[in-house]
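These are the residues of each chain, in order.
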Amino acid sequence: MSTPTPKARPAAGTWKMVVVAIAAFAFTFSLIPLYRIACEKVFGIRLERTAAEDVQDARTPAAERWVTVEFDGGVNSKLPWEFTPHQFSMRVKPGEQYETTYYARNTSDRTVVGSATPSVAPARASGYFNKTECFCFTAQTLEAGEQRDMPVRFIIDPNLPADVNTVTLSYTFFKNDVLTARAAAANSPHAAP
């Protein structure tokens, strides 16, 4: 007496594959808004604007409105650097491009790589503070004792809420352990040529 074998259900497997495909499709499209949120809220980068729009805005300044931009900078305790803005505040017209610089110096006796994290206060102004050039876009390497001026170019969006008259741009530099270790290995006398 043989036992009956269960019948395969190919339709159930097909439905599972369709559900997985739909879920993957939905997940892919949800990445775009998540990426925008991360860029705008965490890093202060506005994605819906192009460089051409920023240049056009710079040519058509807002009507006689002035905003004070304050600059601040510091380092994490693991990073043996001095880091400070050259100027602590600047009056700017929304829609026009401005530049400021920060001073950095490696106070250690070895090469150190640092990464800067920007923040804008008040938080609701971060979406209106557009950096067109910034040392925070890439990791910065300073040799032992090296000092450098690091530029930041920015535009305050003319649509900044009218009650915001002061914006603070702050940077904190952190030691990039991975890139510092690579730099140390590259500078080691035992490193391969």
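The structure under discussion appears in the preceding block.
Residues numbered from 1 in each chain as written. Predicted model: local features only at pLDDT ≥ 70, side-chain atom pairs only at ≥ 80, totals over all residues. Heavy atoms only, no water.

Before going further, it helps to spend a moment on the overall build of the chain. Each helix and strand in the chain was counted, giving three helices and nine strands. Counting helices and strands in the order they occur from the N terminus, the chain gives α-α-β-β-β-β-β-β-β-β-β-α. The buried share among the 193 residues of the chain stands at 31%. Partitioning the contacts of the chain with sequence separation of at least 6, the portion at a separation of at least 24 is 75%. When the accessible surface of the chain is split by element, carbon and sulfur atoms take 60% of a total near 12000 Å². (Helix = DSSP H or I, 4+ residues; strand = E, 2+ residues; numbered from the N terminus. Buried < 20%, exposed > 50% of the residue type's maximum accessible area, 1.4 Å probe, protein only. Contact = heavy atoms within 4.5 Å. Areas by Shrake-Rupley, 256 points an atom, 1.4 Å probe, with all protein chains shown as cover.)

In this structure, the amide linkage connecting A121 to the following residue, P122, adopts the cis form with an omega of -5°. Inspection of the secondary structure puts P122 in the loop between β5 (112–121) and β6 (129–134).

We now examine the nonpolar core. Within the largest apolar cluster, 30 residues are counted, with the highest numbers of intra-cluster contacts made by F135, F154 and Y171. Setting aside residues up to four positions removed in sequence, F154 forms contacts with V69, F71, M90, V92, E96, Q97, Y98, T100, F129, N130, K131 and T132. (Core = buried A, V, L, I, M, F, W, Y, C linked by side-chain atoms within 4.5 Å.)

Going through the model one piece at a time under the given rule, you end up with seven salt bridges. D163 is the partner of R124 in a salt bridge, and the nearest nitrogen-oxygen pair spans 2.6 Å. With R124 in the loop between β5 and β6 and D163 in the loop between β8 (147–156) and β9 (166–175), the pair connects residues that are 39 residues apart, well separated along the chain. Here R153 and E133 are joined by a salt bridge, their closest N and O atoms 2.1 Å apart. Remark: E133 occurs in strand β6 and R153 occurs in strand β8; sequence separation between them is 20 residues. Taking relative accessible area as the criterion, E133 reaches 30% and is therefore assigned partly exposed. (Salt bridge = Lys/Arg side-chain N within 4 Å of Asp/Glu carboxyl O.)

To continue, consider a nonpolar patch on the surface. On the surface, W15, V18 and I22 cluster together to form a nonpolar patch covering roughly 340 Å² of accessible area. Counting through the fold element by element, W15 comes out in helix α1 (residues 10–42). (Patch = residues over 30% accessible without salt bridge, like charges linked within 9 Å, V, L, I, M, F, W, Y side chains within 5 Å.)

Here the focus is the pairing of strand β3 (residues 89–92). Burial along β3 is one-sided: M90 and V92 are buried, while S89 and R91, pointing the other way, are not. In terms of strand pairing, strand β1 (residues 67–75) meets β3 through four bridges, oriented antiparallel. Across the sheet, the residue bridging to V67 is V92, located in β3. (Pairing = 2+ DSSP bridges.)

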